[in-house]
Amino acid sequence: MTVQPAATRVPDSFATLVAPHLDYLYAFAYKLCGERTAAEDIVQDALVRAFRARDSLRNPAQPRHWLTKVVLSAALDRERHERPHDQDVPLEDERFSLFDTLVEEDPFPYSDRLHLDFLDLFDDDNLTAAIQRMNPSYRATLVLAYVYGYKAREIAELMGTTTGTVLARLHRGRKQLERALWEYAKQRGLLKGESRR
Amino acid sequence: MIACREAVERLWGYLDRNLERRQEEELEQHLGLCRHCCGELEFSKQVRAKLASSGETGLSSTGRERLEEFVRRLGE
């Protein structure tokens, strides 16, 4: 009898296959949608899709990449159906610079680390809420690239698009992220004008 | 030499190592002479680090039980 090493052992049921990845899948879905109940719904939807397509899984010993793709697809489909895109932070002024805006508006006049103080306003929950104002495709691209460390060509494969499109989304996504952070901080009253140090 | 606007456009691509060699050289030449864009570069690193450091939001124990039960039923 041949015994496979633990790292490459193929799970004998779908439940065994996905169980070690549930926390990761939920965290990823939460980053994409910013809401805990919705994140659970997305994971359930993704699990149904993955179960139906389980024969297409090429490497059952390492299903994370495949499951990431399914959750991403479920999350973006949900966004398309449930969230009107006119809620996105507008991109009409691509010259917006958060770096310059902070210098000009000077929300912390006595700070000697103005830009870092601004970023410190964002704990995980605020950051996740702020990025919900972005276009879903841009947000997903930024999350994959900077939270999970995927390369542009890997994101292209996950999203079913070209590397050029991913690079364009990274660029536009960065501009939208800067606006989203600034507008969220203003609207949520995070900028009080007093020095934080 | 490229203008500040062009330089700023390239910063994240530069940090991602997604620029062509010529674009990278033009940017580095600009950064060697422009304090403002060096500040933008530093801030770009900080924003990226902020995204990268955002923590994992774990499942609650009841959420995990719900999902595990859901997966078990899928297989029946």
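Residues numbered from 1 in each chain as written. Chains lettered and ligands numbered in written order. Predicted model: local features only at pLDDT ≥ 70, side-chain atom pairs only at ≥ 80, totals over all residues.

### Things to note about the overall build of chain B
Here comes step 1: Counting its regular elements, chain B contains 5 helices and 0 strands.
Here comes step 2: Its helices and strands in sequence order give chain B the pattern α-α-α-α-α, from N to C terminus.
Here comes step 3: In terms of overall size, chain B is more extended than a compact globule, its C-alpha atoms giving a radius of gyration of 22 Å where 76 residues would be expected to give roughly 11 Å.
Here comes step 4: For chain B, the spread of C-alpha atoms along the principal axes amounts to about 65 × 20 × 15 Å.
Here comes step 5: Per-residue burial for chain B yields a buried fraction of 21% across its 76 residues.
Here comes step 6: Taking the intrachain contacts of chain B between residues at least 6 apart in sequence as the baseline, contacts between residues at least 24 apart amount to 58%. (Helix = DSSP H or I, 4+ residues; strand = E, 2+ residues; numbered from the N terminus. Rg over C-alpha atoms; globule rule 2.2 N^0.38 Å. Buried ≥ 20, exposed ≤ 12 C-beta atoms within 10 Å, placed from the backbone. Contact = placed C-beta atoms within 7 Å.)

### A closer look at the domain arrangement of chain A
All names here are of chain A.
Here comes step 1: Segmenting chain A into domains produces domain 1 (10–83) and domain 2 (98–187).
Here comes step 2: Computed over C-alpha atoms only, the centres of domain 1 and domain 2 are separated by 24 Å.
Here comes step 3: At the junction of the two partners, domain 1 supplies 9 residues and domain 2 supplies 11 residues.
Here comes step 4: When residues of the side of domain 1 that touches domain 2 are traced back to their parent elements, those giving at least two are helix 2 (22–33) and helix 4 (64–82).
Here comes step 5: Counting residues per element, the side of domain 1 that touches domain 2 draws most heavily on helix 4, at 5 residues.
Here comes step 6: Residues belonging to the side of domain 1 that touches domain 2 are distributed by class as follows: 4 nonpolar, 2 polar and 3 charged. (Domains from an automatic or database assignment. Nonpolar A, V, L, I, M, F, W, Y, C, P; charged D, E, K, R; others polar.)

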